[in-house]
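Geometric and topological summary
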Amino acid sequence: MKKRLQPSTKGDRQAGPCPEKTPLQQENLPFPIVGIGASAGGLEALEQFLRHVPQACGMAFVIVQHLDPTHKGVLPELLQRTTEMKVSQARDRMRVNPDCVYVIPPNKDMSILHGVLHLFEPTAPRGLRLPIDFFFRSLAEDHQDHSIGVILSGMGSDGTMGLRAIKEKAGVTLAQEPASARFDSMPRSAIDAGLADLVAPAEELPGKILDYLRHALILTKTEFPLEEKEQSALEKVLILLRASSGHDFSLYKKTTIYRRIERRMGIHQINGIAAYVRYLQQNAQEVDLLFKELLIGVTSFFRDPAAWEHLQGEVLPTLLASRSGGGTIRAWAAGCSTGEEAYSLAIAFKEALAQVQPTGNFKLQIFATDLDPDAIDKARQGVYPANIAADLSSERLQRFFIQEGSDYRVGKEIREMVTFATHDLIMDAPFTKLDILICRNLLIYLTPEVQKKLPPLFHYSLNPGGVLFLGSAETVGVFTELFTPLILKWKLFRRRESVLAVPVPFPPSFFPTLPGAPKELTMLKPAANLQSLADQVLLQHFSPPAVLANDKGDILYISGRTGKYLEPAAGKANWNIFAMAREGLRFDLGSGFQKALRQKEAITLKGLKVGEGDGTQTLDIKIQAIEEPEALRGMVMIVFSDVATPQKKKVSSRSKSAPNGSARVLELEQELRQVHEELQTTREEMQSSQEELKSSNEELQSANEELQSTNEELTTSREEMQSLNEELQTVNAEQQSKMDELTRMNNDMRNLLNSTEIVTVFLDNNLHIRRFTTGADKLFKLLPGDVGRPLSDIANDLFYPEMTEKAREVLRTLVFSEKQIAASDGRWFSVRIMPYRTMDDVIAGVVITFMEITATKTLEAELREENERLKSQLKAGG
C-alpha cells in the first residue's frame, strides 16, 4: 500500500499508514466526499470537527474557507496538528483520495470533476466571491448522492445555495449549531432556508455523518422492483403525504421517491420502510419535511446561461417581431420553486425590449406556479441572499434589484410582471393562450406515462407559434409533429400546427380510473331508423367501389372494396393511385385523370381489362373532377364499375339444320333485348337510388360531423373555462396575499407611529395632505375629510408661518430641515421636514414630524435660571 507522506512542520503528528478498506469500499461503492465550508474565523470549528473524525473513516474532506488573498496559506499546517489524516493544500488536477484532507489555497476558486480537483482564478471582485457555493455545486454534480456538505462558523450566506444543490442530488447536508459558532451567519442562513438535514455542534457532526453512512450502506442494498411488503409500505407513505398536503405523488418516479425516503430514514437511523411509516404516523412534522424533501429542486437566476442567452437574443426578438401591433405576452413558469426562473424571464424580456425597441407597446404577464406553498410565499416576497451575485451581473443587480442590508429585493417593475400561485401540474387545469411556457427540470421526476401526456397538454396551452422551454435533460419525445426545435441543444421548441388530431389528456385523466367510478360522458349517437339502416346496407353492398383523391392522385378516401383494381406498391408506403393501380389500368387511368382535370367534366373509360387468363375482369372507370361541395373542390372521384363478360356458346350442326331454328333464334333475341332493356332500366333506377342514398349518407355524415364538432367545441369550452377559472384563482390568491401583506404593513406602521408619540404629517409633491397620525389634530385643525387639502389652508397652533415655504425648499433641495418651534399654548416642538422617498428611490412629497420637547425646554430654562443665580451669588461673594 502507498505510504503516507510525513508532515513538514516540527511537532506535527505523523500521519499513519493508509487504513484497511472500510465497509463502503468493501461494497465497491464510491467513497463519500465531505465538503466543509467555513470563514477565516472558523479555525476553531474546523479543529473541533477534524479532531473527532476517526482516521479510517473511508471519507475524503475538502475544506473551502474564506481566506485573505494576500496572505500565504498556513491552514494545512495548523489542521495537521489536530488529525492523523494527511492534510494537503489543494493543487490543480489533484486527485481526491479517502482518509485525506484537502484545503483550498488563497485567492482561488475550486471545483471537482471525476474526483479530481481543479483550481480557477476568481472572476468576482473581492467581497463578492462565493467559493463555498462554487465548490458545493460542482461536488453535487460530480458525486451525486455520495456528496456531503457541512457549513461551519462563518459570516454571510455563502454555502446555502451549494447545500440546495447537494440536497437535490440526494446528498446529506449538515450545519453547525449557531449557538456554538463564533460567527453564526453562515450556519443560520442554511438552517433558515430549511436546507440543513442535521444540526449539531462542530465536534458532534462527524459522528452523525458516520451514523448516516452506516444506515445508507444497509439501505443501498434495496433493489427495484420492490417486494410486495415494501411496495405496500411505500404506498402508505404516499397516502400519508396526500392526507397531509393534498398532493398525490403516485405519478412521480418510484425510484426517486424511494431514494428520498431512504435519505430521511438514514438521517433518523431507521432501517426499514415499514418502521418509517410508523414514524411518519407519530410525527406530523416529519411528513412535512418529507413533502419538502420530495419537492427540493435546484433553481437559480438564469440557470444554464447559454440557453437564456439564446432565448433572449433570438427567440424573444422573433416573438416580438411577429406581433408588430404590440399587446400582452402571456407566459407560464410551471414548477417555479422560489421564483428565480420567473424573474429571470421578466428580466430577459425587459432587456430584449431595450434591444429590439419594437414600435408596439408590449407587456409581459407571467403566471408562476409551484406545488410548495412555502416556496411560493418566498417567491412573492422577492427577497434573495447576497450570493445571487454569483448568477447575476452587477449591471442586472443594479438595474433590477434593490439592496436591503445583506439581501437583494426584486425591483417593482419586475415584480409586477409575475403572478405567483400554488398549482399542481398533474392535477389542476393548465393555463392557456400562452406565448411562452417554461417547464424546466420537472418532467424528469415524473413517470414515463405522465411524461408522454404532458407535451400534448403544453401544445394545447400554447398559442400558434408559442415557445416551449424545457430542461437540459428533457424532450418532447415522440411528439415531433407538435413541436419543431428552435435550438435543440437548449431544448427550445416552437408550437407547430399538426395535421394529425392528437388527443389532449387533461390532468384529471392522468390518474388511473377508480373501480366503479363513472367514466367520462361520450356523445350519444342518434338512433338509426329503418331507412338509414337500409341506406347503409345498399351503400356497403350494392354501390360501386370508388376512390377520392387530390389533384396529385394521392388517395384521401376509399369507398367499397377496391382490391381488384388497386394494390399497395412494393417498398416505401405510397398512397398515390397511379402507383397502386393494377397492371392494365395504369396508363388509361393516368391519361383519363389528367383529361378530367383539364375539361372539368366526367370522363368514362370503357372496356378496360384487369387480371390474366380466366381471372380477367372487364370494367368501366368513371373519373369526375369535383366542383361542389366547396369543401371537396379540386378533388377527383374515381368510380370502378365491373362489366359482365358474355360467355361464348357452341351451336351444334343439328340445331343449325332444324327447320324452326331461325324463328326460335329471333324469339330468343327479342326476349334477350327486352331483358336487356329491363336490366338497363333497373340499372338506371339503381343508380338513381344510389345517388339518393349517397346524398342521404352525406347528410347523415354531415350531421354526425356537426354533432362531433359541437361536442369538441363544448369540450374545448369546458377546458378553457377550467383554465380561466385557474387563472382567476391564481390572480385572486396573489391579490389576497398582497392585501394581507398590505394590511399587516399598515397595522405595523400605525402601531409604530402611535407608539413613538411623534405627530407625523405626510404631504404629496403639491404639499397636499396625504395622511396624518394620531395627535396631529391637536396641532392642526384637522378632520379626516381634510386629506387632499393643502396644508397651508389648515390653521395650526405653531408660531411657524414659514413652514410651507420651508417644505417647498426641502422638496427642491432634498436637504432636510429641523427647527425648534413654540406653540400658542406654551408647548415646544422639534419640527423636522424630510423628503418622502419610495422603495424605488423616487421623491413623492415630504414628511413633517413634530416631537414635543416642552420638558427639555423647561429644563433648559431652569438650568439657565440656576446658572444666572449662581453667577449672581459669585459676583455678590466677590
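See the structure above.
All values derive from a computational prediction rather than experimental measurement.

1. Concerning the packing of aromatic side chains
- Enumeration over the complete set of coordinates arrives at 18 aromatic pairs.
- Considering the side-chain rings of Tyr 276 and Tyr 279, the 6.4 Å spacing of their centres and the 20° angle between planes classify their relative orientation as stacked. Taken as a pair, Tyr 276 and Tyr 279 lie in helix 10 (residues 273–282) at a separation of three residues, close to a single helical turn.
- Here the aromatic cluster, defined as three or more aromatic residues joined through ring pairs, consists of Phe 301, Tyr 343, Tyr 384, Phe 401 and Phe 420.
- A cation sits over an aromatic face here: Arg 396 above Phe 302, 3.9 Å from the ring centre.

2. Regarding the sheet that holds strand 25 (residues 636–643)
- Strands sit in the order 22-21-25-24-23 across an open sheet of five strands; the sheet is antiparallel. Of all strands in the sheet, those with a lone pairing partner are strand 22 (555–559) and strand 23 (603–610), marking the two edges. Averaged over all adjacent pairs, the angle separating strand axes in this sheet is 20°, with direction ignored.
- Sheet topology note: the strand 21 (residues 546–549)/strand 25 ladder contains four bridges and is antiparallel. Bridging from a neighbouring strand, Leu 548 pairs with Met 637 of strand 25.
- Strand contacts of helix 20 (residues 586–599): strand 23, strand 24 (617–625) and strand 25, with the helix running at about 175° to strand 23, the strand carrying the most contacts.

3. Focus: the pairing of strand 25
- Where strand 24 meets strand 25, eight bridges bridge the pair, whose relative direction is antiparallel. Note that in strand 25 the partner of Thr 618 across the bridge is Val 643.

4. A closer look at helix 14 (residues 373–381)
- Among the residues making up helix 14, those that are buried are Ala 375, Ile 376, Ala 379 and Arg 380. Taken end-on, helix 14 shows its buried residues confined to a sector of 140°, consistent with a single buried face.
- The opening residue of helix 14 is Asp 372, an N-cap whose side-chain oxygen sits 3.1 Å from the backbone nitrogen of Asp 374.
- Gly 382, located one to two residues past helix 14, shows a positive phi value of around 65°.

5. Focus on the nonpolar core
- Grouped together as the largest cluster of nonpolar side chains are 48 residues, with contacts concentrated most on Leu 345, Phe 401 and Phe 420.
- In terms of residue count, the dominant contributor to this core is helix 13 (residues 340–356) (nine residues).
- With residues up to four places along the chain from it excluded, the contact list for Phe 401 reads Phe 301, Ile 347, Ile 388, Leu 392, Arg 396, Tyr 408, Arg 409, Val 410 and Gly 411.
- Ranked by size, the runner-up nonpolar core spans 47 residues in total, among them Leu 241, Phe 431, Leu 442 and Leu 468.

How each quantity is defined
Residues numbered from 1 in each chain as written. Predicted model: local features only at pLDDT ≥ 70, side-chain atom pairs only at ≥ 80, totals over all residues. Heavy atoms only, no water. Phe/Tyr/Trp six-rings, centres within 6.5 Å; stacked < 30°, edge-to-face > 60°. Helix = DSSP H or I, 4+ residues; strand = E, 2+ residues; numbered from the N terminus. Lys NZ or Arg CZ within 6 Å of the ring centre and 35° of its normal. Pairing = 2+ DSSP bridges. Axes fitted to C-alpha atoms, helices over the stretch in contact; angles between N-to-C directions. Contact = heavy atoms within 4.5 Å. Buried < 20%, exposed > 50% of the residue type's maximum accessible area, 1.4 Å probe, protein only. Arc of directions from axis to C-beta. Polar contact = N/O pair within 3.5 Å; in protein donor to acceptor, adjacent residues only side chain to side chain. Core = buried A, V, L, I, M, F, W, Y, C linked by side-chain atoms within 4.5 Å.

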